[in-house]
Amino acid sequence: MSIIRTEIKSAAAGVGVTDTPDGLAKIKRPECAATIWRRQLSPEFQTWIDGLDPMHLPKGRLVLRPTAVRDAVGHLCDIAGMDDTVERRWLEHDIADLATRFADFMRVPYLRVRLDVISTNACRKFHIDAIHARLICTYRGTGTQYGVPTDGEDPERVFTVATGAPMVMRGTLWPQNPPSGLRHRSPPIAGTGETRLVLVLDPIFDLDEAG
């Protein structure tokens with residue numbers, strides 16, 4: 001696992017890059033503010049999902065046990081009118097697999113699962129989430145952007161996560177120090193005609209706090 005490290009005053013913020021899904025768990029290393037599983041989706045899947053009418057992309061927000069994620073995503077696909085294809089079944093399996101892995105290394109019984117269909121400049125400002133950690137994977141469109149700001153300004157150097165590459169980031173509630181200087185945003189796409197499909201997973205330690 002390689003680390004791209006940037007020093008901010010007295011704290012170091014690092015992004016770990018892994019070639020295996022198990023490497024996402026290295027977010028627990030003190031030097032990691034985020035980890036990215038460097039993978040590419042198959043050309044067949046990418047062509048299929050990029051060619052879908054945005055009205056048939058699944059969207060929704062649910063709090064679930066990891067074992068219930070696959071069926072729930074299938075239900076969201078049904079609601080969206082998505083045809084039952086090999087590619088759709090792969091998407092359902094992949095989301096369920098990411099959910100299981102994330103819940104396992106975060107050691108949580110529940111997850112907040114969010115599928116967003118985005119064609120605006122939602123969350124275009126660089127920020128850090130008020131959560132313990134978050135997994136984001138963009139299946140269609142431009143991936144999440146991140147960087148390290150200096151002096152309160154936007155990052156001078158902005159990195160874009162590849163489409164299909166899952167990224168796990170720490171939030172402000174992460175219990176270990178030093179605090180992360182890493183910030184992220186959704187890419188500004190308003191007016192471009194682009195539609196993104198983004199998976200977001202948040203750990204839920206206590207259902208009473210799920211909101």
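Below you will find a few notes about this structure. What you are looking at is a predicted structure, and each value in this text was computed from that prediction instead of being measured. (Residues numbered from 1 in each chain as written. Predicted model: local features only at pLDDT ≥ 70, side-chain atom pairs only at ≥ 80, totals over all residues. Heavy atoms only, no water.)

### A look at the packing of aromatic side chains
If you walk through the whole model with that rule in mind, you get five aromatic pairs. Considering the side-chain rings of Phe45 and Trp48, the 5.6 Å spacing of their centres and the 50 degrees angle between planes classify their relative orientation as tilted. Residue Phe45 and its partner Trp48 are both found in helix α1 (residues 43-51); the two are separated by three residues, about one turn of the helix. The class of Phe45 is buried, set by a relative accessible area of 3%. (Phe/Tyr/Trp six-rings, centres within 6.5 Å; stacked < 30°, edge-to-face > 60°. Helix = DSSP H or I, 4+ residues; strand = E, 2+ residues; numbered from the N terminus. Buried < 20%, exposed > 50% of the residue type's maximum accessible area, 1.4 Å probe, protein only.)

### Some remarks on the nonpolar core
Formed by 38 residues in total, the largest nonpolar core has its most connected members in Phe102, Leu135, Tyr139 and Leu199. Going through the elements one at a time, α1, α2 (69-79), α3 (86-106), β5 (110-118), β6 (133-140) and β11 (196-204) are the ones with two or more residues in this core. When residues of this core are assigned to their parent elements, the largest contribution, nine residues, is made by α3. In terms of nonpolar packing, the next biggest core, distinct from the first, is built from 16 residues, Val15, Ile36, Val161 and Leu182 among them. (Core = buried A, V, L, I, M, F, W, Y, C linked by side-chain atoms within 4.5 Å.)

### What to know about the pattern of salt bridges
Pairs may arise between side chains of opposite charge once their charged atoms sit close together. This structure, assessed with the given rule, holds 12 salt bridges. When the shortest N-O distance is used, the salt bridge between Arg88 and Asp78 registers 2.7 Å. With Arg88 in helix α3 and Asp78 in helix α2, the pair connects residues that are 10 residues apart, well separated along the chain. By relative accessible area, which is 48% here, Asp78 ends up partly exposed. A salt bridge links Asp202 to Arg134; the shortest N-O distance between them is 2.7 Å. Of this pair, Asp202 sits in strand β11 while Arg134 sits in strand β6, placing them 68 residues apart in sequence. According to the relative accessible area criterion, Asp202 is buried, its value standing at 3%. Connected through salt bridges with shared partners, the residues Arg112, Asp129, Arg134 and Asp202 form a single ionic network. (Salt bridge = Lys/Arg side-chain N within 4 Å of Asp/Glu carboxyl O.)

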